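So the chains spell out like this:
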Amino acid sequence: MSELNSLLHSDWFALLDERIKVNFLAVCQKIDCMYDKNPDGIFPPKKEVFAAFNLMTIADVKVVILGQDPYPTEGYANGFSFSVNPKNSIPKSLKNIFVELKDDVGKEIPSDGDLSNWAIQGVLLLNSVLTVEKGKPESHSKIGWEEFTDAIIQLLSLRNNKLVFLLWGAKAEKKKEWIDQSKHLVLIAPHPSPLSAYRGFFGCRHFSQTNTFLFANGKPIIRW
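Each chain has its residues counted from 1, running along the sequence as written. This being a predicted model, a pLDDT of at least 70 is required before a residue's local features are given, and a value of 80 or more before pairs of side-chain atoms are given or counted; all residues contribute to the totals for chains, interfaces and linings. Computation of side-chain values covers all heavy atoms of the structure but excludes hydrogens and water.

Caption draft 1: Highlighting the sheet that holds strand 5 (residues 164-168). In spatial order, the strands read 3-2-5-6; together these 4 strands make up an open sheet with parallel pairing. Whereas interior strands pair on both sides, the edge strands pair on one side only; in this sheet they are strand 3 (123-127) and strand 6 (185-189). Across the sheet, the axes of successive neighbouring strands diverge by a mean angle of 20 degrees, strand direction being ignored. By the convention used here, strands pair only if DSSP detects at least 2 bridges between them. Runs of E in the DSSP output that reach at least two residues are strands. Runs of H or I that reach at least four are helices, and both are numbered from the N terminus. By the bridge criterion, 4 bridges tie strand 2 (residues 63-67) to strand 5 in an arrangement that is parallel. Bridging from a neighbouring strand, Ile65 pairs with Leu166 of strand 5. A contact between two residues is defined here by any heavy atoms of the two lying within 4.5 Å. Helix axes are fitted only over the stretch in contact, all axes being lines through C-alpha atoms; the angle between N-to-C directions runs from 0 to 180 degrees. Against the sheet, helix 6 (residues 145-159) touches strand 2, strand 3 and strand 5, its axis set at about 155 degrees to strand 3.

Okay, here's the thing in structure tokens:
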């Protein structure tokens, strides 16, 4: 299989400054070694690490939903934050997202957790950390992915206009420092996990607020 860095579409890589490129290549080299040693114990599958990026160009992005790191359960992670493959059961956090979505815009709760339809419409489902070790949440949080994904957020904020950033949870909220809030809409709520969803995620109405902002700025709404 190709080296991990080559799996990121060149359009995204070309936008990074030289320091971030160097860091990105170093991180990819580390992760490549991990896949070589334990190909079935690193998630998502290597070919899907950059799936969220490779489905769109930076100009296509309308909304960013920021997650933490991939699901550490075998077969679940697919390169998109919060999303799971259709054959899998729906994780609790994603169930809560669907509950809020129904309460907010009336969307019936789907039978699976595949969010690729959102991505096709320009929703960048971005995890701060792009890989994880099987059964060990946040196991790759100190490897260097955050510098890369922070740079992506900065690029989006700088190059695009009138984006919506959905920051759910304290860790996601910290990313607001990279976003120009004078030109973008930043919506913040507690994480949708069962531990915190009742503290303000339920009732946040982020989905309708997103579409109201997009419509007001002449952009197609998201068909959640």
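Caption draft 2: Highlighting the pairing of strand 3. In terms of burial, strand 3 is largely enclosed, as 5 of its 5 residues are buried. Accessibility here uses a 1.4 Å probe with only protein chains present; expressed as a share of the type maximum, an area under 20% marks a residue as buried, one over 50% as exposed, and anything in between as partly exposed. What you see with strand 3 is no split at all: Val123, Leu125 and Asn127 on one side and Leu124 and Leu126 on the other are buried throughout. Across 5 bridges, strand 2 lies against strand 3 in parallel orientation. Within the sheet, the bridge partner assigned to Val64 lies in strand 3 and is Leu124.

Caption draft 3: Quick peek at the packing of helix 4 (residues 92-105) against helix 8 (residues 206-216). Contact geometry of helix 4 with helix 8 gives a least axis separation of 8 Å together with a crossing angle of 60 degrees. One way to sum up the angle between helix 4 and helix 8 is to call them oblique. The residues of helix 8 that touch helix 4, namely those facing Ile97, Glu100, Leu101, Asp104 and Val105, are His206, Phe207 and Ser208. Under the grouping applied here, Gly and all other residues not named as nonpolar or charged are polar, the nonpolar ones being Ala, Val, Leu, Ile, Met, Phe, Trp, Tyr, Cys and Pro and the charged ones Asp, Glu, Lys and Arg. Here the residues of the contact of helix 4 with helix 8 sort into 4 nonpolar, 2 polar and 2 charged. Put simply, angles under 35 degrees are roughly parallel, angles over 145 are roughly antiparallel, angles from 65 to 115 are roughly perpendicular, and the rest are oblique.

Caption draft 4: How the structure looks around the environment of Pro70. Inspection of the secondary structure assignment puts Pro70 in the loop between strand 2 and helix 4. Residues Pro70 and Leu130, 60 residues apart in the sequence, show an inter-C-alpha distance of 6.4 Å. Apart from residues lying up to four places away in sequence, Pro70 is in contact with Phe43, Pro44, Ala77, Asn127, Val129, Leu130, Thr131 and Val132.

Caption draft 5: Main features of helix 8. When helix 8 is considered as a whole, its buried residues turn out to be His206, Phe207, Ser208, Thr210, Asn211, Phe213 and Leu214. Contacts made by the buried residues of helix 8 are with strand 2, helix 4, helix 5 (116-120), strand 5 and strand 6. Downstream of helix 8 by one or two residues, Gly218 has phi in the positive range, about 70 degrees.

Caption draft 6: Region of interest: the packing of aromatic side chains. Stacked, tilted and edge-to-face are the three classes applied to pairs of Phe, Tyr and Trp rings, where Trp contributes its six-membered ring and a pair requires centres within 6.5 Å; stacked means planes under 30 degrees apart, edge-to-face means over 60, and tilted covers the rest. In total, this model carries 18 aromatic pairs according to the counting rule given. Plain terms: the ring middles of Phe207 and Trp224 are 4.9 Å apart, the flat faces sit at 75 degrees to each other, and that makes the pair edge-to-face. On the criterion of sequence distance, the pair formed by Phe207 in helix 8 and Trp224 in the segment after helix 8 is long-range, its members being 17 residues apart. Under the relative-accessibility criterion, Phe207 is labelled buried at 0%. Note on Trp224: relative accessible area 8%, which makes it buried. Ring pairs connect the aromatic residues Phe82, Trp118, Trp168, Tyr198, Phe201, Phe202, Phe207 and Trp224, which therefore count as one cluster.

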